[in-house]
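What follows is the residue order along each chain.
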Amino acid sequence: MNFSEVFKLSNQLCKISPDGKYLANCVQYRLVVRDVNTLQILQLYTCLDQVAHMEWSSDSLFILCAMYKRGLVQVWSLEQPDWHCKIDEGSIGLVSSRWSPDGRHILNTTEFHLRITVWSLCNKSVSYIKYPKACQKGMDFSADGRYVALAERRDCKDHISVFVCDDWHLLRHFEAETQDLAGVEWSPNGCVLAAWDSCLEYKMLLYSLDGRLLSTYSAYEWSLGIKSVAWSPSSQFLAIGSYDEKVRILNHITWKKLVEFEHQATITNSKAVVFKEVEKRPVVPTEDLSIHQIAMGSSLFDTRSKYEIPPLPVQVPVVKPDPDRANPKIGISAVAFSADNRYLATKNDCMPQCVWVWDMRTMGPAAVLEQTAPVRCFAWEPRRARLAFCTGNTKLYLWSPAGCLSVEVAVEGGFQVQSLFWHCSGDSLVLLGKDQLCLCYMATKEEK
Amino acid sequence: MGDWWTPPVMTDPSLGSRELAGVSHVEESPSRHDSPPPTHSSKGLAKHSYSLLTAFCTEENIAQCVVYINQEAATLGLCGVSIETGGTEPSLGAVSALNLLYELLQLQRRGLQTLHDLENQQLKNNSDLDHLQHNNSRLKDQLEHTRRENSGLHEGERQLQLKIQTLQRYLKSEKEEVQKLQSIIASRATQYNHDAKRKERESTKIKERLNQLLVDKRDKRLAIEVVNCVGRADGKRGLWKTNKMEARHEGDMYKALLSEYEGRHQALMQENAELKKLLQLIKKDMVSMLSPQKTSTKVMPPDDSLEQAGGQAGSDPDDEVLECSRDLMEQSCEQAREQLANSIRLQWRRLKTHMQRLDSQVSLAASREQEEVISRRDHEETLTRMKVELQQCTEFIHIQQQLLQQLSFPCDEETAAMLNDGYLLEEKERLKEEWSLFHEQKKNFERERKNFTEAAIRLGREKKTFEEDRALWLKTQFLNLTPFVDRKRPAVSRSATAIGPDPRPRVLSSPAPSCTSSSRTGVSTPVSASLSLPSTTELYRTLQIGPDSRAPGRRGTNRFQSSEIVTKSRLCDSSADCTVFALVREENGAS
């Protein structure tokens, strides 16, 4: 495993182009585009202000840089460095900006969610979508990029609109049977739309593309409901993480619950392998403590960690949530399927140091990864069943069905990994620190 | 009448005394009990005193008294006293009087007895009464207690009732409260909803207004600056929004949906086909399992045509079912379902009956076995016998094992013996060596001893010669007194010279015996010539050498060395010895 040199970064803005060739990152008001393989700077763009949001177009030809404070969006072309586009949202303000899947339109959400402005780069045309709802996930493009589902609020009722992305034609518009719609998400095959209510009510609605209500699912009443939702890549399963610290898996035929994954503090299931990270400070002999070594810096004080497999039953550390505070730290906040549909990774907020991995074939726990620090972020490799995660320290952790390992990020000056994401080939990882980034190259088979 | 009346008056005191006695019977009873005889005397005394004091009977009223007594006796059912009037004075018939007296006494005694019994009874009754009273009081206490308890319980019950009532009241009020609160909540909820809706409406209104304003105002900043427009990603031109387009979109959507459903349908079909295959397999298995007998009947010789026909008839439906089910697989589900279900049900029923039959057979067999089975006791007996046998067998095995081990031991011993033999051989060799050494030594020793004996013999001879010489010398001395002195003198001197050189070689040869004696202490020397020879000590003395007389350095040297030396000295001295022997012989010859 190799690590690249460290590059500067601001606002954790770093994206790899969808074709996997370029790496773009923002440093203050500059946008730097590098070649992923050589890491040499290909283009350097200067924006008008500090960039708040950056996004590649789907064809990897354009990069969008949004400066929300100034209500500005700048678009840069990779092919033609001279070409540029500037969109000013004017006095109404800007809170969100994104590409349409065709890479020729930009959707800007104005302040107060007053409207969504759709700007076309093809013909400078502008169109508006009214009544967007301000919620957890109010807009979702289907995986094939043909349709977009939008949560709307009209006449104090939730509605869902489905647009054709090609020409922003309103395909379907229907009322959602929710109290307070919180989010919409297309199934990966683009035929089923999952819509769920806000956390006050456990309600999952499944709509067909043509607006028919396929099914409604509610696990319980009178308690905080859905916190996170994830479709399996095959559209076969819908995983719903809720505030009762459980993940429920719905099947795609009857839309009934298949199984319920409980995140219990005491692990007794012998099928679950518990990997417990144990930190070990290296014992330095006193005679070796020369000035030279002290000058060497942080490597001396680094801790090494390894995984132990404690005997069952294992007690997982639990944080008791404060009931008086808003957004209590409880419930399943993150759910993600591996690319091969085989595994499901979850994180329970009141067990922040643990990542749970579930096997979808046996419908049971496969592994529990107990870290010494709260897990910040986890991501499945796009090709294989390999999970990378970080806890905000100088280590990168990887899990695969073969086992678990922790890798010290071997770069100068103590790189603390705050977030990470995979290159689309699965051969490298981008690690994001607070204001720097570095690439981690997995050892490929040729190298071995 | 006066006569009639007096006696009762007379008897009064007696009665009184009776009463008195009854009252004071506690004091009297001991005397009465302790000394029954004195009662008579006291009675006699009392009688006497009566006669003295009250004088019931005087000389004058004997007759009256007798009459009275008789009357009294009659009332008591006794025979009276007869008066003999034969004499001058009427006298009492002694016999009758005595009888009366006796009977009275008897009566008296009986009365006392009954009195005593009654008293005892009385005492017993008193104690019983006490006991009963005590019991009674206790029961009364208990009753009181239970009553009190009862009242307490009643009180408690009452209080509890009160409490229940209050609680019920509370409950009622709470319920009311809850209802009230619920209604409040509901009203609040509706109000909140209403408010929220109102607010939302307002906000939407404001948003509308804002939108309107934005549109009206024509925000100058709201703009897009593009250097030059970009072509569409697919390279096509944008299309106008028309109904056609709409229709196309719809079509696309339905196409997508359709393809998805078709895909799912295909998957389901595949799954269904697989399940059907499985079903068929199961059916086949079932059929084959259920008709083994039929197949066996089919195999039966063709002579039995009836049987064969029956068998075929029996097997036909199965084949039919199989066939039809196979056909059904290809048929549409709607039609097939019922038939399929029917056939499965049929098969299932058959299976069930088959199972039941098997079960019954098994149970029948079991019952038959039970009948056949030996009685429990026999069984247990055989069991115990078998157990014993088993134990014996195990013991045998143990013994055999032990024996085997023992048998296997000897070979071990053999190896040990082999080893031991090796050691023994080694030791034997060593011993042989030692033995040879010892033999050599022995030989040496023998030689030495021979020398020594020879020396001793020589010494003896020399002594003899010396004695002879002395005798000769004495004779010569004696003869010196005689005129033949001069003639004999040279002979003496010659003998003296002959003796003179003798001691030196002896001294020289002395180391051998000294050394041998020091080394061979405790070894008994063969006493071939010891009887005739002088003892060693004597020898030493005569030789004028002790073990200490030799040089101390020589003593530490080992035997072989000393023996060598001895031999050397011997060789050296041999010539001298020879001369000595020659001399001795000459002397002997001379003597």
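Residues numbered from 1 in each chain as written. Chains lettered and ligands numbered in written order. Predicted model: local features only at pLDDT ≥ 70, side-chain atom pairs only at ≥ 80, totals over all residues. Heavy atoms only, no water.

Caption draft 1: Expanded view of the overall build of chain B. Broken down by element type, chain B carries 16 helices and 3 strands. Out of the 591 residues in chain B, the part that is buried amounts to 16%. When contacts within chain B are restricted to residue pairs at least 6 apart in sequence, those whose partners lie at least 24 apart make up 68%. Element-wise, carbon and sulfur atoms account for 59% of the exposed surface of chain B, whose accessible area totals about 46,200 Å². (Helix = DSSP H or I, 4+ residues; strand = E, 2+ residues; numbered from the N terminus. Buried < 20%, exposed > 50% of the residue type's maximum accessible area, 1.4 Å probe, protein only. Contact = heavy atoms within 4.5 Å. Areas by Shrake-Rupley, 256 points an atom, 1.4 Å probe, with all protein chains shown as cover.)

Caption draft 2: Focus on the overall build of chain A. Counting secondary structure elements, chain A contains 1 helix and 41 strands. Split into buried and exposed, the 448 residues of chain A put 57% on the buried side. Here the contacts in chain A between residues at least 6 apart in sequence split such that 44% fall between residues at least 24 apart.

Caption draft 3: Broad picture of the interface of chain B and chain A. Of the residues lining the interface, 36 residues belong to chain B; the matching set on chain A comes to 49 residues. Both faces combined, the contact of chain B with chain A buries some 4,100 Å², and carbon together with sulfur accounts for 56% of it. Applying the counting criterion to the chain B and chain A interface returns 4 salt bridges. Here arginine 172 of chain A ties to glutamate 250 of chain B by a salt bridge, and the two come within 2.7 Å at their closest N and O atoms. Counting across the interface, chain B meets chain A through 10 residue pairs in polar contact (both at pLDDT 80 or more). Ranked by residues supplied to the side of chain B that touches chain A, first place goes to helix 6 (residues 243-290) of chain B with 13 residues. Grouping the amino acids of the side of chain B that touches chain A by side-chain chemistry returns 17 nonpolar, 4 polar and 15 charged. As paired strands, strand 10 (residues 84-88) of chain A and strand 3 (residues 223-226) of chain B are joined by 4 bridges and run antiparallel to one another. Pairing of lysine 86 of chain A across the sheet is with glutamate 225 of chain B, part of strand 3 of chain B. (Buried area = accessible area lost by both parts, 1.4 Å probe. Salt bridge = Lys/Arg side-chain N within 4 Å of Asp/Glu carboxyl O. Polar contact = N/O pair within 3.5 Å; in protein donor to acceptor, adjacent residues only side chain to side chain. Nonpolar A, V, L, I, M, F, W, Y, C, P; charged D, E, K, R; others polar. Pairing = 2+ DSSP bridges.)

Caption draft 4: Local environment of a positive patch on the surface. On the surface, a cluster of positive charge is made up of Lys157 of chain A together with Lys197, Arg201 and Lys205 of chain B. As for its placement among the helices and strands, lysine 205 of chain B is situated in helix 5 (residues 94-217). By relative accessible area, lysine 205 of chain B is classed as exposed at 61%. (Patch = residues over 30% accessible without salt bridge, like charges linked within 9 Å, V, L, I, M, F, W, Y side chains within 5 Å. Lys, Arg positive; Asp, Glu negative; His and termini not counted. Charge placed at Lys NZ, Arg CZ, Asp CG, Glu CD.)

Caption draft 5: Local environment of the pattern of salt bridges. All names here are of chain A. In the structure shown here, the tally under the stated rule is 27 salt bridges over all chains. The partner of aspartate 59 in a salt bridge is arginine 104, with the nearest N and O atoms 2.9 Å apart. Of this pair, aspartate 59 sits in the loop between strand 7 (53-56) and strand 8 (62-67) while arginine 104 sits in the loop between strand 11 (94-99) and strand 12 (105-110), and the two are 45 residues apart along the sequence. One salt bridge connects arginine 342 with aspartate 359, and the closest N-O pair in it is separated by 3.0 Å. Remark: aspartate 359 occurs in strand 33 (residues 354-359) and arginine 342 occurs in the loop between strand 31 (332-337) and strand 32 (343-348); sequence separation between them is 17 residues.

Caption draft 6: Expanded view of the packing of aromatic side chains. Residue and element names in this part refer to chain A. For the structure shown, the criterion picks out 18 aromatic pairs over all chains. Grouped by ring-pair contacts, the aromatic residues Phe275, Tyr307, Phe389 and Tyr397 constitute a single cluster. The ring centre of tyrosine 29 lies 5.7 Å from the NZ or CZ of arginine 30, which sits over that ring. The aromatic ring of phenylalanine 7 is capped on one face by arginine 34, whose charged end is 3.7 Å from the ring centroid. (Phe/Tyr/Trp six-rings, centres within 6.5 Å; stacked < 30°, edge-to-face > 60°. Lys NZ or Arg CZ within 6 Å of the ring centre and 35° of its normal.)

Caption draft 7: Broad picture of a nonpolar patch on the surface. Residue and element names in this part refer to chain B. A cluster of nonpolar residues, Leu76, Leu98, Leu101 and Leu104, forms a patch on the protein surface that exposes about 350 Å² of accessible area. Top element by residues in the nonpolar patch is helix 5. It accounts for 3 residues. Following the sequence through the fold, leucine 101 ends up in helix 5. Residue class for leucine 101 comes out partly exposed when judged on its relative accessible area of 38%.

Caption draft 8: A look at the side chain of serine 232 of chain A. All names here are of chain A. Mapping serine 232 onto the fold places it in the loop between strand 23 (226-231) and strand 24 (237-242). Its relative accessible area of 0% is what places serine 232 among the buried residues. Within the structure, the side chain of serine 232 is placed 3.2 Å from the backbone nitrogen of glutamine 236, a separation counted as a polar contact. Not counting chain neighbours up to four residues away, the residues in contact with serine 232 comprise Pro188, Phe237, Phe337 and Asn341.

Caption draft 9: Seen up close, the environment of serine 17 of chain A. Residue and element names in this part refer to chain A. With respect to the helices and strands, the residue serine 17 is situated in the loop between strand 3 (14-16) and strand 4 (22-27). A relative accessible area of 1% places serine 17 in the buried class. Sequence-wise, serine 17 and serine 60 are 43 residues apart; in three dimensions their C-alpha atoms are separated by 5.4 Å. Non-local contacts of serine 17, meaning those with residues more than four positions away in its chain, are made with Tyr22, Trp56 and Ser60. A polar atom in the side chain of serine 17 sits 2.5 Å from the side chain of aspartate 19.

Caption draft 10: Inspection of the nonpolar core at higher detail. All names here are of chain A. By size, the foremost hydrophobic cluster in this structure holds 37 residues, and its most contacted members are Ile160, Met204 and Leu238. A per-element tally of this core places strand 20 (residues 192-197) first, with 5 residues. Contact partners of methionine 204, with chain neighbours within four places excluded, come to Ala194, Ala195, Trp196, Ser215, Thr216, Tyr217, Ile226, Val229, Leu238, Ile240 and Leu250. With 22 residues, the next largest nonpolar core counts Ala230, Val335, Phe337 and Met360 among its residues. (Core = buried A, V, L, I, M, F, W, Y, C linked by side-chain atoms within 4.5 Å.)

Caption draft 11: Spatial organisation of the sheet that holds strand 24 of chain A. Residues and elements named next belong to chain A. Strand order in the open sheet made by the 4 strands is 23-24-25-26, with antiparallel pairing throughout. What marks the edges here is a single partner per strand, and that holds for strand 23 and strand 26 (257-262). Averaged over all pairs of adjacent strands, the angle between strand axes in this sheet comes to 20°, irrespective of strand direction. In the sheet, strand 24 pairs with strand 25 (residues 246-251) via 5 bridges, with the strands oriented antiparallel. Each bridged residue has a counterpart across the sheet, and for alanine 239 the counterpart in strand 25 is isoleucine 249. (Axes fitted to C-alpha atoms, helices over the stretch in contact; angles between N-to-C directions.)

Caption draft 12: Here's a closer look at the pairing of strand 17 (residues 157-164) of chain A. All names here are of chain A. Of all 8 residues in strand 17, 7 are buried, a share of seventy percent or more. Counted between consecutive antiparallel strands, the loop separating strand 16 (residues 147-154) from strand 17 contains 2 residues, among which aspartate 155 sits at a positive phi close to 50°. As paired elements, strand 17 and strand 18 (residues 169-175) share 6 bridges and run antiparallel to each other. Among the inter-strand pairings, isoleucine 160 is bridged to a residue of strand 18, identified as phenylalanine 174. Between the antiparallel neighbours strand 17 and strand 18 lie 4 residues, among them tryptophan 168 with a positive phi of about 55°.

Caption draft 13: Spatial organisation of the state of the cysteines. Per the counting criterion, the structure on display carries 0 disulfides over all chains. Cysteine cysteine 65 of chain A remains unbridged, with the sulfur of cysteine 47 of chain A as its closest cysteine sulfur at 3.9 Å. (Disulfide = S-S within 2.5 Å.)

Note that all results are geometric; they support no functional claim without further evidence.
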